[in-house]
Amino acid sequence: MANKTNWVIVECISQYITKYVVECPADFPEYALDTVTINQAKEFSQHYVGETILSYQVIDQEDALYQCDADNEHYAKCDVEQKLDLFFTRENEIGDKSNH
């Protein structure tokens with residue numbers, strides 16, 4: 001008999017360190033902050049620093065599929081199995097569990 005499983009939705013923030021190099025008047029280096037804030041600076045470099053988990057919640061498959069349709073509306077007309085294949089991580093897809 002198979003072990004009982006649950007679906008768990010985990011919310012995260014992906015974080016990057018992004019650098020910009022902005023030319024500004026010598027007396028007003030803080031103008032660079034405005035340039036970045038209004039999205040007019042060219043990206044100089046970017047480094048991915050990982051994900052921070054914000055929350056998790058055990059949900060049933062029906063609620064997970066509802067959330068899937070809300071978050072991925074272009075796929076709402078796909079059948080359940082397609083959604084499970086595209087967006088859900090099944091237990092058998094997870095690598096070596098001896099690390100857990």
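Shown above is the structure to which this text applies.
Just so we're clear, the structure is a prediction, and the values are computed from it rather than from any experiment.

Attention shifts here to a nonpolar patch on the surface. A contiguous nonpolar surface patch, about 520 Å² in accessible area, is contributed by Val8, Val10, Ile53, Tyr56 and Val58. Those elements that place two or more of their residues in the nonpolar patch are β1 (7–20) and β2 (43–59). Mapping Tyr56 onto the fold places it in strand β2. Here Tyr56 falls in the exposed class, since its relative accessible area comes to 63%.

Attention now goes to the pattern of salt bridges. Scanning all chains against the criterion turns up three salt bridges. Two residues, Arg90 and Glu81, come together in a salt bridge whose shortest N-O distance is 2.7 Å. We classify Arg90 as partly exposed; its relative accessible area is 21%. The class of Glu81 is partly exposed, set by a relative accessible area of 42%. Residues joined in a network through salt bridges with shared partners are Glu81, Asp85 and Arg90.

Positionally, Leu86 belongs in helix α3 (residues 80–87). Sequence spacing of Leu86 and Val8 is 78 residues, and the spatial spacing of their C-alpha atoms is 16 Å.

Okay, unusual backbone geometry next. Of note in this structure, Asn39 is not a glycine but carries a positive phi near 60°. With respect to the element layout, Asn39 can be found in the loop between α1 (31–37) and β2. Given a relative accessible area of 68%, Asn39 falls into the exposed group.

With that settled, the discussion passes to the environment of Leu84. One can find Leu84 in helix α3. By relative accessible area, Leu84 is classed as buried at 6%. In sequence terms Leu84 and Leu65 are 19 residues apart; their C-alpha atoms lie 8.5 Å from each other.

With that out of the way, let us pick up the packing of aromatic side chains. Aromatic ring pairs are reported here in terms of the distance separating the ring centres and the angle at which the planes meet. If you walk through the whole model with that rule in mind, you get four aromatic pairs. Ring centres of Tyr75 and Phe87 lie 5.2 Å apart, and the angle between their planes is 75°; on these two criteria the pair is classed as edge-to-face. Taken together, the residues span a long stretch of sequence, with Tyr75 in the loop between α2 (61–71) and α3 and Phe87 in helix α3 at a distance of 12 residues.

What follows is about the packing of α2 against α3. α3 packs onto α2 with a crossing angle of 75° between their chain directions and a minimal axis gap of 11 Å. By the angle class used here, α2 and α3 are roughly perpendicular. Every residue of α3 that contacts α2 at Gln61, Leu65, Cys68 and Asp69 is listed here: Val80, Lys83, Leu84 and Phe87. Across the contact of α2 with α3, the residue classes tally to five nonpolar, one polar and two charged.

Rules behind the numbers
- Residues numbered from 1 in each chain as written.
- Predicted model: local features only at pLDDT ≥ 70, side-chain atom pairs only at ≥ 80, totals over all residues.
- Heavy atoms only, no water.
- Patch = residues over 30% accessible without salt bridge, like charges linked within 9 Å, V, L, I, M, F, W, Y side chains within 5 Å.
- Areas by Shrake-Rupley, 256 points an atom, 1.4 Å probe, with all protein chains shown as cover.
- Salt bridge = Lys/Arg side-chain N within 4 Å of Asp/Glu carboxyl O.
- Helix = DSSP H or I, 4+ residues; strand = E, 2+ residues; numbered from the N terminus.
- Buried < 20%, exposed > 50% of the residue type's maximum accessible area, 1.4 Å probe, protein only.
- Phe/Tyr/Trp six-rings, centres within 6.5 Å; stacked < 30°, edge-to-face > 60°.
- Axes fitted to C-alpha atoms, helices over the stretch in contact; angles between N-to-C directions.
- Parallel < 35°, antiparallel > 145°, perpendicular 65-115°, else oblique.
- Contact = heavy atoms within 4.5 Å.
- Nonpolar A, V, L, I, M, F, W, Y, C, P; charged D, E, K, R; others polar.

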